[in-house]
Amino acid sequence: MLFLLQLFLLLVQSNLHHVTCSVSEIEINALYDLWTSTQGPKWQYWQNNSQNISFDEGMMGMENIISGQPWNFSSPLSASTPCLPGSARWQGVNCSINNDHITGLFLPTLGLNGTLPVSLCDLFALRSILFAVNILHGAIPSCISRLTALTMFHISNNFISGEIPDGLWDLSQLEWLQLVDNRLTGTLSSGVGNLLQLRMLGLGSNLLSGKLPRELGKLHSVVYAPIGMYTFMHPLVWTDVVCGVLLLQFFVLFMIIYGILKCVDSHQQIVFDCFHVTSLSSSPSSSSSSSSLTGVNFFSGTIPAEIGNMANLLHLGLVTCALTGQIPISISAMTNIQSITIANNQLTGSFPIFLADHPSLVNIQLFGNEMVGFLPSFTSDRLAVLQLQSNRFSGELIQVFTETFVSSSNLNTIDLSENALTGSIPPSLFNIPTLVNLALSSNCFTGSLPQTICSAGNIRTMTLNGLSSNKQCENQRFLPGLLLKDYMHGSIPLCVWSLANLRSFHISGNRFSGEIGGLPVNSVLDELSLSHNHFTGSLPVSIQQKSYSLFDVSYNTFTGNIDDIVVSNTSRTLKTNLNRLSGHISKEFSQADLTTLDILRGNMFDCQNIPSADEHSKTYECGSSNLDNALYFVSACMLFWLIVVAIVLIYHFGKFTFSDTISKFRDYYFLFDTAAVVDSASPNIVKFDWILRKTVYSLSLCSVLGMVSCIPAFIMKMSYGSVSYVHSYTWIFSLAYSSGMWV
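Because the structure is a prediction, the values reported are computed rather than measured.

**Focus: the overall build of the protein chain**
- Counting secondary structure elements, the protein chain contains 15 helices and 36 strands.
- Split into buried and exposed, the 743 residues of the protein chain put 51% on the buried side.
- Accessible surface, the protein chain as shown: approximately 32700 Å² in total, 58% of it carbon and sulfur.

**Observations regarding the sheet that holds strand β15 (residues 315-317)**
- Pairing is parallel across the open sheet formed by twelve strands, whose spatial order is β15-β16-β17-β19-β21-β23-β24-β27-β29-β31-β33-β35. Both outer strands of the open sheet, β15 and β35 (596-598), are each paired with one neighbouring strand and no more. On average, each strand axis in the sheet is inclined to that of its neighbour by 10°, with strand direction left out of account.
- Bridge analysis of strand β19 (residues 385-387) against strand β21 (residues 413-415) gives three bridges, and the strand direction is parallel. Residue pairing for β21: Val385 is matched across the bridge by Thr413.

**Observations regarding the state of the cysteines**
- Throughout the structure, instances matching the rule amount to three disulfides.
- Disulfide pairing is shown between Cys454 and Cys495; the S-S distance is 1.6 Å. Handedness here is read from the sign of the S-S torsion; for Cys454 and Cys495, about -70°, the answer is left-handed. Placement of the pair is Cys454 in the loop between β23 (437-439) and β24 (461-463) and Cys495 in the loop between β26 (482-483) and β27 (504-506), with a sequence separation of 41 residues.

**Some words on helix α2 (residues 25-37)**
- With 13 residues, α2 extends 18 Å between its outermost C-alpha atoms, agreeing within 8% with the 18 Å of an ideal straight helix rising 1.5 Å per residue.
- Those residues of α2 lying buried are Glu27, Ile28, Ala30, Leu31, Leu34 and Trp35. Angularly, the buried residues of α2 cover 160° about the axis, an arc narrow enough to put them on a single face.
- Tucked into the core, α2 has its buried residues touching β2 (102-106).
- One or two positions beyond α2, positive phi appears at Gln39, with a value near 55°.

**Things to note about the pairing of strand β20 (residues 392-396)**
- Where burial is concerned, the two faces of β20 differ: the one with Phe393 and Gly395 is buried and the one with Arg392, Ser394 and Glu396 is not.
- Taken together, the three bridges between strand β18 (residues 372-374) and β20 define a ladder with parallel strand orientation. Bridge pairing in β20 links Gly373 to Phe393.

**Focus: the sheet that holds strand β22 (residues 420-422)**
- Spatial strand order, β18-β20-β22: three strands in an open sheet with parallel pairing. Each edge of the open sheet carries a strand with a single partner, namely β18 and β22. Across this sheet, the average inter-strand angle for adjacent strands is 10°, counted without regard to direction.
- Examined bridge by bridge, β20 and β22 share three bridges and lie parallel to one another. Note that in β22 the partner of Gly395 across the bridge is Leu421.

**Examining the pattern of salt bridges**
- Per the stated rule, a full pass over the model turns up three salt bridges.
- Here Asp122 and Arg146 are joined by a salt bridge, their closest N and O atoms 2.7 Å apart. Placement of the pair is Asp122 in the loop between β3 (113-114) and β4 (128-130) and Arg146 in the loop between β5 (135-138) and β6 (152-154), with a sequence separation of 24 residues.

**Observations regarding the confidence of the model for the protein chain**
- Here the protein chain averages 75 in pLDDT, and 68% of its residues register 70 or above.
- Considering only residues more than four positions removed or in separate chains, one finds that residues 1-21, a stretch of pLDDT under 50, has eight contacts.
- Predicted confidence for residues 223-295 stays below pLDDT 50, and this span has 204 contacts to residues more than four positions away or in other chains.

**Thoughts on the environment of Leu147**
- Structurally, Leu147 is set in the loop between β5 and β6.
- You can call Leu147 buried: its relative accessible area is 1%.
- A sequence separation of 23 residues divides Leu147 from Phe124, and the C-alpha atoms of the two residues are 5.2 Å apart.
- Non-local contacts of Leu147, meaning those with residues more than four positions away in its chain, are made with Leu120, Cys121, Leu123, Phe124, Leu126, Ile129 and Leu171.

Reading the values: rules and limits
- What you see as residue numbers is a count from 1 along each chain, following the sequence as written.
- pLDDT decides what is reported in this predicted model: residues at 70 or higher carry local features, side-chain atom pairs at 80 or more are listed and counted, and totals for whole chains, interfaces and linings draw on all residues regardless.
- Only hydrogens and water are removed before side-chain values are computed, so all heavy atoms of the structure are retained for them.
- Note on conventions: DSSP H or I runs of at least 4 residues are helices, E runs of at least 2 residues are strands, and numbering of each starts at the N terminus.
- A 1.4 Å probe rolled over the protein chains alone gives each residue an accessible area, and that area as a share of the maximum for its type sets the label: buried under 20%, exposed over 50%, partly exposed in between.
- Method for areas: the Shrake-Rupley scheme with a 1.4 Å probe, in which residue coverage is limited to the protein chains shown.
- Note on pairing: two strands pair once DSSP finds at least 2 bridges between them.
- Lines fitted to the C-alpha atoms define the axes, with helices restricted to the stretch that makes contact. Angles between their N-to-C directions range from 0 to 180 degrees.
- Any two cysteine sulfur atoms within 2.5 Å of one another count as a disulfide.
- Take the residue count of a helix, subtract one, and multiply by 1.5 Å to get its expected span.
- Directions pointing from the helix axis toward each C-beta atom define the arc.
- Here, two residues are considered to be in contact whenever any of their heavy atoms come within 4.5 Å of each other.
- Definition used for salt bridges: Asp or Glu carboxyl oxygen within 4 Å of a side-chain nitrogen of Lys or Arg.
- Looking at any residue, its pLDDT shows the predictor's confidence there, from 0 to 100.

Structure, rendered in structure tokens:
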């Protein structure tokens, strides 16, 4: 028994010695080089707070990465111990089962600042490299081909430059390759087809160029793990981390490691991005966030038909690549495809019909191309995102969103802005129960807003700016701003203000008219833009007594005052210019920290509390009497010329008495129609005819002189005072105002 106990102690001692001292000096030196070349003493390690997180079986090992110890190099270096068991292990370091080799480096968001050392290639057992969201620069070491065991290489969201080394395409075991959001140049080598084990490929937001290699068709099994509504490849995550959102940063790392450890998934998915974007709409306000970008790839040519060989494709991203031609029909063979994003290119042709009824598609984003023709009827009930803005699609939507499709549709985002769509907005569109974001701006629609807009109970963003204003509809006009056919008109359905989830409502640049009602406004409405319409009446108190980040009712004919407008810390833009507003200006406008404040132009407020933040405050003449004074000035000028004309008439015709004039008038108007009178050429009638002609001539001359002298003088006078009144009344009589178009 004693012998067995002694043997056990010897084994334990041997294992402890093996655990603490078995990593080779070459690998320790490689870690030291990485630490020194990336300002290791300044790394921002994760704090030991993993005890607040519960880990399931699929996340085994994540606690060691987050709660490990800061890197600490002893003297000599060979005495350093990165592979101690448990929480004593160095943070971000994974080791082999026997703790004798470094197999993984997980160092995202730690602030690595520098270049990747060549000695990194000495870590020959490395299987995983994750250096995303740091400040790395320089080139990828060409010796990377020596890391033959590497299965994951993730350096997204850095400043890595130069060309992708050819040796990278020799890593036949590579499953996860993410180079998104760097400054890589050169072309994409055909060697990418050698990575037959690749499960994820991300090349977005770089400076790559050239044609897409046909060898992409050899990549049959690229994988990324979806984590709820986010994914590991989602650029929004990295952007927010870079911006320093610390709480989200920890959540990001949580998702990253979870995604890595869950990467063996039964779903085969593929990602190939030229340029990652998260902005899902061209509207001024989108529910989605914008991405932080350092570059755009410049791939050219057409989409290779071989891309259809990727039978397991789930996500395809080809954004801002300068691609031309049409979407290849071979994509229809991708039976598992869920998301297609081929945006900001130069694609032509019509909308592929096979996409409209594809049973597995959830996301279709073809915005920013030159596609034309009518849109087909959609039938798939899985489709959630449809973004076709900034193309040249035409035709009516009544056949696109049929009642049958709407009844079972799961669409939550529709953006058809900046096309040439005609007809009325189909009432069925607002009956989609899941609709959250809708953008139809800058098209050629006619008619009025359907009353079914009240059915969109879940809608959050509604962007309907310039519904009849697209330049592709200019053949319907013969003068700027004057339409030859019908256009959007009518009033806003009052139920809009009670849509409980509506946060952003933009309907600028239309011909909507009438009063906007005084019903209570929902509590979440944050952006309201009603500018460039024909709205009348006063601004309801219920609308004024609401805090907005954006409030724009400019270029209308609203009257009354704005005493109740609320300016809060979240307010950024406030515009009420070019209306008929008057009265008192609240002190809140002078004290507010607004990005844009424009309330004075074209209104007639009193002289108290003129806000200096308004760019027209120095030229604005307060008080409504200024308008009267301006009109008096013009009247006096015209009166002057009338007096001049009267003096001229008296000078020429002074010898005629009043009775003579009446007599000649009677003779002229009652006798001129007889030939005898006309032939007799009565001297009185001829003389009076000459007087009348001279009078008409003099009055015409007076009008011309008034136009030439009075109006410019009036404008010069107002240029030193209330410019706003000139602009305001010029705006009223303009064709742009008459047609409701933007100016």
